[in-house]
Amino acid sequence: MRSLIVLPILGAIAFVWPGWRMLRVERGKWVAFRSVLLVVNWLVYYTALPLMPLPLVVATLYTAPIFTTLFAAVLLGDPIGRAGWAGVLLGFAGVLLVIQPGSDGVGWVALLPVAAAVLYALNAIVTRAKCREEHPMVLAL
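Calculation notes
Residues numbered from 1 in each chain as written. Predicted model: local features only at pLDDT ≥ 70, side-chain atom pairs only at ≥ 80, totals over all residues. Heavy atoms only, no water. Helix = DSSP H or I, 4+ residues; strand = E, 2+ residues; numbered from the N terminus. Buried < 20%, exposed > 50% of the residue type's maximum accessible area, 1.4 Å probe, protein only. Contact = heavy atoms within 4.5 Å. Axes fitted to C-alpha atoms, helices over the stretch in contact; angles between N-to-C directions. Parallel < 35°, antiparallel > 145°, perpendicular 65-115°, else oblique. Left-handed = near helix turned anticlockwise from the far one by under 90°. Salt bridge = Lys/Arg side-chain N within 4 Å of Asp/Glu carboxyl O. Core = buried A, V, L, I, M, F, W, Y, C linked by side-chain atoms within 4.5 Å. Patch = residues over 30% accessible without salt bridge, like charges linked within 9 Å, V, L, I, M, F, W, Y side chains within 5 Å. Areas by Shrake-Rupley, 256 points an atom, 1.4 Å probe, with all protein chains shown as cover. Phe/Tyr/Trp six-rings, centres within 6.5 Å; stacked < 30°, edge-to-face > 60°.

## A short note on the overall build of the protein
Looking only at helices and strands, the protein has 7 helices and 0 strands in total. Of the regular secondary structure in the protein, the N- to C-terminal order runs α-α-α-α-α-α-α. With the C-alpha coordinates of the protein rotated into their principal frame, the extents come out at 55 × 40 × 20 Å. Within the protein, the fraction of its 141 residues that count as buried is 33%. A separation threshold of at least 6 residues defines the contact pool for the protein, and within that pool the share at least 24 residues apart is 81%.

Okay, structure coming up:
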């Protein structure tokens, strides 16, 4: 619903200022892949909402920066210092405290927001590595 409302608004903005030229896509396959990652991310996230308590879904989704850091190191070769690795480890420990794996709680369903976080992190990596030349309006649309 949000996209249906925003699409005409963004189209009007693109038409008026600075013109349609900004909508030229430089790397269409990567932009499409990024869009698919986002769509699947939100579908998985919204699937988890009726199955889990909201605070648990949100806390688990907040693992996205941890995955982004890991993917940046592994896929892009970005250096992560000791403080960065300590942050990753503390973040995962915090998530484990919230999720409490092995308890009689939500079980495998807790993996849904984790999967959403992984997809969101991959989206960030693809955006940074492959979509830098794209105009922000292209990515928004």
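## Digging into the packing of helix 3 (residues 54-61) against helix 5 (residues 82-99)
For the pair helix 3 and helix 5, interaxial distance at closest approach is 10 Å and the crossing angle is 160°. Here helix 3 lies roughly antiparallel to helix 5, going by the angle between them. In the packing of helix 3 onto helix 5, the handedness of the crossing is left-handed. Facing Leu56, Ala59 and Thr60 of helix 3, the residues of helix 5 in contact are Val95, Val98 and Ile99.

## Quick word on the pattern of salt bridges
In this structure the tally under the stated criterion is 1 salt bridge. Across the pair Asp78 and Arg128 runs a salt bridge, and its minimum N-O distance is 2.4 Å. Linking Asp78 in the loop between helix 4 (64-76) and helix 5 with Arg128 in helix 6 (residues 111-130), this pair joins segments that are 50 residues apart in sequence.

## Description of the environment of Trp30
Looking at the secondary structure, you find Trp30 in helix 2 (residues 28-48). Exposure remark for Trp30: the relative accessible area of 32% places this residue in the partly exposed category. A C-alpha to C-alpha distance of 15 Å links Trp30 and Met137, two positions 107 residues apart in sequence. In this structure Trp30 touches Val126, Lys130 and Cys131, once residues within four positions along its chain are discounted.

## Regarding the nonpolar core
As a rule of thumb, soluble globular proteins bury nonpolar side chains together. Core analysis: the largest hydrophobic core is formed by 32 residues, its most contacted members being Met52, Phe67 and Ile99. Per element, the largest residue contribution to this core is 8 residues, and it comes from helix 6. Apart from the residues lying within four places of it in its own chain, the contact partners of Phe67 are Phe92, Val114, Ala117, Val118 and Ala121.

## A short note on a nonpolar patch on the surface
A contiguous nonpolar surface patch, about 1,000 Å² in accessible area, is contributed by Met1, Leu4, Ile5, Val6, Ile9, Ile13, Phe15, Val16 and Trp17. Take Phe15: it is sitting in helix 1 (residues 2-16). What makes Phe15 exposed here is its relative accessible area of 53%.

## Comments concerning helix 4
Residues of helix 4 that are buried: Ala64, Ile66, Phe67, Phe71, Ala72 and Ala73. Contacts from the buried residues of helix 4 go to helix 3, helix 5 and helix 6. Trailing helix 4 by a residue or two, Gly77 shows a phi angle of about 75°, which is positive.

## A few points about the packing of aromatic side chains
Counting across every chain of the model gives 6 aromatic pairs. Measuring from ring centre to ring centre gives 5.4 Å for Trp42 and Tyr45, while their planes differ by 85°; the resulting arrangement is edge-to-face. Placement of the pair is Trp42 and Tyr45 together in helix 2, with a separation of 3 residues, close to one helical turn. By relative accessible area, which is 34% here, Trp42 ends up partly exposed. For Tyr45, a relative accessible area of 10% translates into the label buried.

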